[in-house]
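# Structural description and commentary
Okay, here's what each chain looks like letter by letter:
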Amino acid sequence: MPYLFGGLVVLNAITLGYYLFLQQPSTTQTLKAAQESIVQPLEFTNSAQYIPPVIGTRD
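The present account deals with the structure reproduced in this document. (Residues numbered from 1 in each chain as written. Predicted model: local features only at pLDDT ≥ 70, side-chain atom pairs only at ≥ 80, totals over all residues. Heavy atoms only, no water.)

## Let's talk about the overall build of the chain
In terms of helices and strands, the chain carries 2 helices and 0 strands. The dimensions of the chain, computed from C-alpha atoms along their principal axes, are 70 × 40 × 15 Å. Classification of the 59 residues of the chain by burial places 0% in the buried group. Counting every atom, the chain has about 6,400 Å² of accessible surface; 64% of that belongs to carbon and sulfur. (Helix = DSSP H or I, 4+ residues; strand = E, 2+ residues; numbered from the N terminus. Buried < 20%, exposed > 50% of the residue type's maximum accessible area, 1.4 Å probe, protein only. Areas by Shrake-Rupley, 256 points an atom, 1.4 Å probe, with all protein chains shown as cover.)

Put into structure tokens, the structure is as follows:
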């Protein structure tokens, strides 16, 4: 049983090392669409005027 656990730990470390260091990320169509949508300006509404005053203060 300890050999099985050790083997799984080693296999997991090899797999993690491969995906973190060796495999180059590929740009997919979904990623490109997401990056293009992030660059577009976002609409912003200032809602600070709707926040109630702090409890204990008179307004």
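What follows picks up the thread again.
## Digging into the environment of Ala13
Structurally, Ala13 is set in helix α1 (residues 2–22). Placed 11 residues apart in sequence, Ala13 and Gln24 show a C-alpha to C-alpha distance of 18 Å.

## A look at a nonpolar patch on the surface
A surface patch of nonpolar side chains, about 730 Å² in accessible area, is lined by Leu16, Tyr18, Tyr19, Leu20, Phe21 and Leu22. Of note, Leu20 is situated in helix α1. (Patch = residues over 30% accessible without salt bridge, like charges linked within 9 Å, V, L, I, M, F, W, Y side chains within 5 Å. Salt bridge = Lys/Arg side-chain N within 4 Å of Asp/Glu carboxyl O.)

## Describing α1
Since one α-helical turn is 3.6 residues long, residues separated by three or four positions face the same way. With 21 residues, α1 should cover 30 Å at 1.5 Å per step; its first-to-last C-alpha distance of 29 Å lies within 8% of that length. Across the 21 residues of α1, 0 count as buried, placing the element largely on the outside. (Expected span 1.5 Å × (residues − 1).)

That's the geometry; what it means functionally is another story.
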